[in-house]
Structures are given as structure tokens and as C-alpha cells.
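Residues per chain are reported as follows:
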Protein chains: 2
Amino acid sequence: MGKQMTEMLKGTLEGMVLAILSVQPAYGYEITARLREQGFSDVVEGTVYALLIRVEQRGLVDVEKVPSEKGPPRKVYTLNAQGREYLEEFWRTWSFLAERLEQLHHDEEE
Amino acid sequence: MGKQMTEMLKGTLEGMVLAILSVQPAYGYEITARLREQGFSDVVEGTVYALLIRVEQRGLVDVEKVPSEKGPPRKVYTLNAQGREYLEEFWRTWSFLAERLEQLHHDEEE
DNA sequence: TCCGCTATTCAGTGTTACTATGTACCGGTA
DNA sequence: TACCGGTACATAGTAACACTGAATAGCGGA
């Protein structure tokens, strides 16, 4: 991944993680692995953990410690009602931006 | 506009400005006004000027001073060959991100 | 015992957009 | 002449966020 992607992820990575959590609860290491599998190859643990702490402090997710067979206990995050509201707002913002960008891309090719 | 949009613009605003310049040359004040008209209501001059200086220093645009009837001389920016390459890369990055987000949005609604 | 994988944490850095303010040029008007 | 509003650019300071790099810790297998 390049610098452009790094900058573009600012403001969208958070929404992506919340969207992942809206499908089903997950923990940091797992979320990171999933993102990397989907092509975001240099999203690293540190980034996701910091993000999870932020959304937790803002009250968008609930946390539960679950023991793991393979290592230290996992912190499993669940999207709560406030998080769902915030996620909806995220999609609205994203859609607005995506529409304008589509328009720009289209204009450019004429 | 909210905080979400502010964060999302990091990494996309630059591409948007370059896309505007790829259609036709323009100057800072004009670009700002156009963005604001299109709904990016709190993009301010200072932001765009700083961005234009950055892309100029990276050699993505050419600059020409043009006298104005209504005020101080305008700095008219034109996208050059290197800028076009960079813009193509921007669109590739954007498309990749947009596809994954569409997928996430879709998954979420099942 | 040591290594590799799982899993979390944290201090430090760089980039970017916004805030707030200042400078400067011009035309119109009182 | 003096002032004001609109045009146009510049810049120091701040906040937010993703990445770097390193540390800690638990578990199983060679």
C-alpha cells in the first residue's frame, strides 16, 4: 500500500472497523487480520488497537474479555446502539463524498 | 459538515483538487468557491492554499501569475504530466477503497 | 529451553485539514 | 479624500489520525 492509501484511510478506517463489528463482534487481532486479507496489507495491529480504544472511550462499542486457548485473553468488541447511530452517520457522510467523487471522475473523462 | 467529513477529506481533498485542475486550470479562491458550492461548506481558503503549495512543491502542477481586475494577481494552477500520473494513481487507490466499502455496506445489510 | 504464533499496549512521528489572523489590491460611495 | 466590501493569497498554531517500532505476555511444539 502507498502513502495515498494511508491518508485516505484517515476517517474511513474507523467506519470500516465499526461496519465489521456491526456484522458480528470481534477482537483487535482478528479485525486486523481480516483487513489485511482483504487487501489493506499494511494496516497493522497498533493502528487497530488505538482505534478500538478511541471508539470505546466514545461509547460506541461494548467490551468483554474472553479467554483464548492460544494466548492472552481477547478483548471482544460489540457495536452498541450509539455505535449503530454513528455508523449510519458514517455511511451518509461516505455516500455524499463518494457521489461527488464519482461526478468528478466522470467530468474528468469528457 | 461534521468531524467525520473533515477526517474523510484527509487524503481525498488533494485528489479532488487535482481532478478539478485536470478539467481546466484554476486558482485557489476559485477552487475553494467551487468546492463550497458543491456542498463542502467548510472547506476554507487556507486549506486549499496550503494544499496547492504542497502539490506545487511536489511538482504535480505548474503555476502562472495572472493579473485580476478585481484584486491581487491570481496564481493559476495547471496539472502537468506528473500530476496526471499521480491523479491516475489516486483514482486507482480510491476505486479500491470504494469497492471494499461497498462490499462492507452490503454485508452489513444482510 | 527456545522459538513461533497469538494478543495487547504504548510512546513517538508525519501528514493533513481547520482556526484565526494578516496582508494586499481594487472599485464604489459618501 | 476616506472608508468599506469583495477578491485573492499567506501562514502560524492546533487537533486528529494512521504508522513505526518496541515491549509485554501466554501458549504449544521441536
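Presented here is a report on the structure given in the accompanying data block. (Residues numbered from 1 in each chain as written. Chains lettered and ligands numbered in written order. Predicted model: local features only at pLDDT ≥ 70, side-chain atom pairs only at ≥ 80, totals over all residues. Heavy atoms only, no water.)

Now for the packing of aromatic side chains. Under the criterion given, the structure shown has five aromatic pairs over all chains. Both rings, one in Phe40 of chain A and one in Phe96 of chain B, keep their centres 5.3 Å apart while their planes meet at 65°; by these two values the pair is edge-to-face. With one member in each of two chains, Phe40 of chain A in the loop between helix H3 (28-37) and helix H4 (45-57) and Phe96 of chain B in helix H5 (residues 81-108) form a pair that bridges those chains. In this structure Phe40 of chain A comes out as buried when scored by relative accessible area, which is 1%. A relative accessible area of 22% places Phe96 of chain B in the partly exposed class. Aromatic side chains Phe90 of chain B and Trp91 of chain B sit 5.2 Å apart centroid to centroid with 65° between the ring planes, which places their arrangement in the edge-to-face category. Taking the relative accessible area as the measure of exposure, Trp91 of chain B reaches 5% and is therefore buried. (Phe/Tyr/Trp six-rings, centres within 6.5 Å; stacked < 30°, edge-to-face > 60°. Helix = DSSP H or I, 4+ residues; strand = E, 2+ residues; numbered from the N terminus. Buried < 20%, exposed > 50% of the residue type's maximum accessible area, 1.4 Å probe, protein only.)

A few words now on the protein's contact with DNA strand C. Taken together, 28 residues form the shell around DNA strand C, and within it Tyr49, Arg74 and Lys75 of chain A together with Thr47 and Arg54 of chain B come nearest. Considering DNA strand C, the proportion of its atoms within 4 Å of the protein that are sugar or phosphate atoms stands at 74%. A distance of 3.1 Å separates a phosphate oxygen of DNA strand C from a polar atom in the side chain of Tyr27 of chain A. In the model, a phosphate oxygen of DNA strand C is placed 2.7 Å from a nitrogen or oxygen of the Thr47 of chain B side chain. Listing elements by their share of the surface near DNA strand C, those giving two or more residues are helix H1 (3-9), H3, H4 and strand E3 (74-79) of chain A together with helix H1 (3-9) and helix H4 (45-57) of chain B. A breakdown of the residues in the surface near DNA strand C according to their chemical character gives 10 nonpolar, seven polar and 11 charged. (Near = heavy atom within 4 Å. Polar contact = N/O pair within 3.5 Å; in protein donor to acceptor, adjacent residues only side chain to side chain. Nonpolar A, V, L, I, M, F, W, Y, C, P; charged D, E, K, R; others polar.)

Take the sheet that holds strand E1 (residues 26-27) of chain B next. All names here are of chain B. Spatial strand order, E1-E3-E2: three strands in an open sheet with antiparallel pairing. Since the sheet does not close on itself, it has two edges, and those belong to E1 and strand E2 (61-66), each with one partner. Summarising the sheet, E2 and strand E3 (residues 74-79) pair through six bridges and their orientation is antiparallel. Looking at the pairing, Val63 lines up with Tyr77 of E3. (Pairing = 2+ DSSP bridges.)

Everything listed here is a matter of geometry and, on its own, says nothing about what the molecule does.
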